[in-house]
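The primary structure of each chain is shown beneath.
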Amino acid sequence: MVFKKMLSAFGVGGPSVDTVLTNPNTRPGLTLDGQVNLVGGDAEAAIEQVVIGLVTRVEVEGHDAEYSGTLEFHRMAVSGAFVLAPKQQLSIPFQLPVPWETPITDVYGQRLHGMTMGLRTELSIARAVDKSDLDQVAVHPLPVHERILEAFQRLGFRFKHADLERGHIRGVQQTLPFYQEIEFFAAPQYAGTINEVELTFVTSQRGVEVILECDKRGGFLSAGHDAFGRFQVAHTDVDRVDWAQVVDGWLRETTSRYGSLRSQYGASRGHGHGRGPGMGGMVAGAALGVAGGMVAGEMIEDAFEGDFGGDFGGDE
């Protein structure tokens, strides 16, 4: 009996947890629906709580090196304390609001190269090892994101890579502790001016703040440099404009305003600079009164272990 209690403390013969998503596909501002399925173990178990959370991989810059870690950025309790009887089967339904700033992982049904996203389920058991489960999630663009990404494609830009950078963009209200960079190789008609473009969406219920970072080519007597532009778009504008024309205008304005913009945005993105004073606003889940809210800055162990294959996206 003592040996059995020891095994139970290490999770042997204990309850099992399996989360099933109704649909693993979602968009910023929508929800993920599903149920947590529990099966009791060999003995009665005191469950402290059941929590689900969105996790993703984020690039972090230290003093002298850059590394990546897995970050849980949004979580919700789906159950409080209860007792699970031996072999008892229990299903707990949930509806998790997806924060508006959640990064895009999939475009046209294909995974953006460099992006991972999962829903982690934690089963906290009194006096025992926590159980967990991880399910892949695909976050698709909102209509305004799609139009802007399509415009880059129509203008001849080629997708290179996407990642998440830990930190805040100066002057931009963010609710999450990171931002997404979607990188493109320059289209032929811009090749004389731009090497690459990094595109960032900071999305809210009202619209999208679009931040562009253009890697400008150097001239015969001048060095290359980065130019920054910041533009706001309402969700209601999605079908009102020619997006290729708008994006072309953004690019030309950004690269021509280098002198005036550098002082404002020059150290605003990544590379350990421009971290904001803190997170402002509220995530979609917190606005709806979801328990737990957001865990900002909690680096957790890499839970993915190479399970998320099929990355899409051009050259390295």
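Note that the structure is a prediction, hence the values are computed from the model and not measured.

(A) Quick peek at the packing of helix H2 (residues 143-154) against helix H3 (residues 243-256). Two elements in contact, H2 and H3, have axes whose closest approach is 8 Å; the angle formed by their N-to-C orientations is 75 degrees. Classified by the angle between their axes, H2 and H3 sit roughly perpendicular to one another. Together, Val 144, Arg 147, Ile 148, Ala 151, Phe 152 and Arg 154 of H2 and Trp 243, Ala 244, Val 247, Trp 250 and Leu 251 of H3 make up the contact between the two elements. Taken together, the residues of the contact of H2 with H3 sort by class into nine nonpolar, no polar and two charged.

(B) Fine view of the pairing of strand E4 (residues 45-61). Alignment of E4 against strand E6 (residues 82-84), held across three bridges, turns out to be antiparallel. Looking at E6, one finds that Ala 46 is bridged to Val 83. With nine bridges joining them, E4 and strand E10 (residues 117-125) adopt antiparallel strand pairing. Looking at E10, one finds that Val 50 is bridged to Leu 123. Relative to strand E5 (residues 66-79), E4 is paired through 12 bridges, and the arrangement is antiparallel. Looking across to E5, one finds that Glu 61 is bridged to Glu 66.

(C) Quick peek at H3. The terminal C-alpha atoms of H3, which comprises 14 residues, lie 20 Å apart, in line with the 20 Å expected from a rise of 1.5 Å per residue. Looking at H3, one finds that the buried residues are Trp 243, Ala 244, Val 247, Asp 248, Trp 250, Leu 251, Thr 254 and Thr 255. For H3, the angular spread of buried residues about the axis comes to 155 degrees, placing them on one side. Looking at H3, the residues exposed on the side facing more than 90 degrees away from the buried face are Gln 245 and Ser 256. The N-cap residue of H3 is Asp 242: its side-chain oxygen and the backbone nitrogen of Ala 244 are 3.2 Å apart.

About the thresholds
Residues numbered from 1 in each chain as written. Predicted model: local features only at pLDDT ≥ 70, side-chain atom pairs only at ≥ 80, totals over all residues. Heavy atoms only, no water. Axes fitted to C-alpha atoms, helices over the stretch in contact; angles between N-to-C directions. Helix = DSSP H or I, 4+ residues; strand = E, 2+ residues; numbered from the N terminus. Parallel < 35°, antiparallel > 145°, perpendicular 65-115°, else oblique. Contact = heavy atoms within 4.5 Å. Nonpolar A, V, L, I, M, F, W, Y, C, P; charged D, E, K, R; others polar. Pairing = 2+ DSSP bridges. Expected span 1.5 Å × (residues − 1). Buried < 20%, exposed > 50% of the residue type's maximum accessible area, 1.4 Å probe, protein only. Arc of directions from axis to C-beta. Polar contact = N/O pair within 3.5 Å; in protein donor to acceptor, adjacent residues only side chain to side chain.

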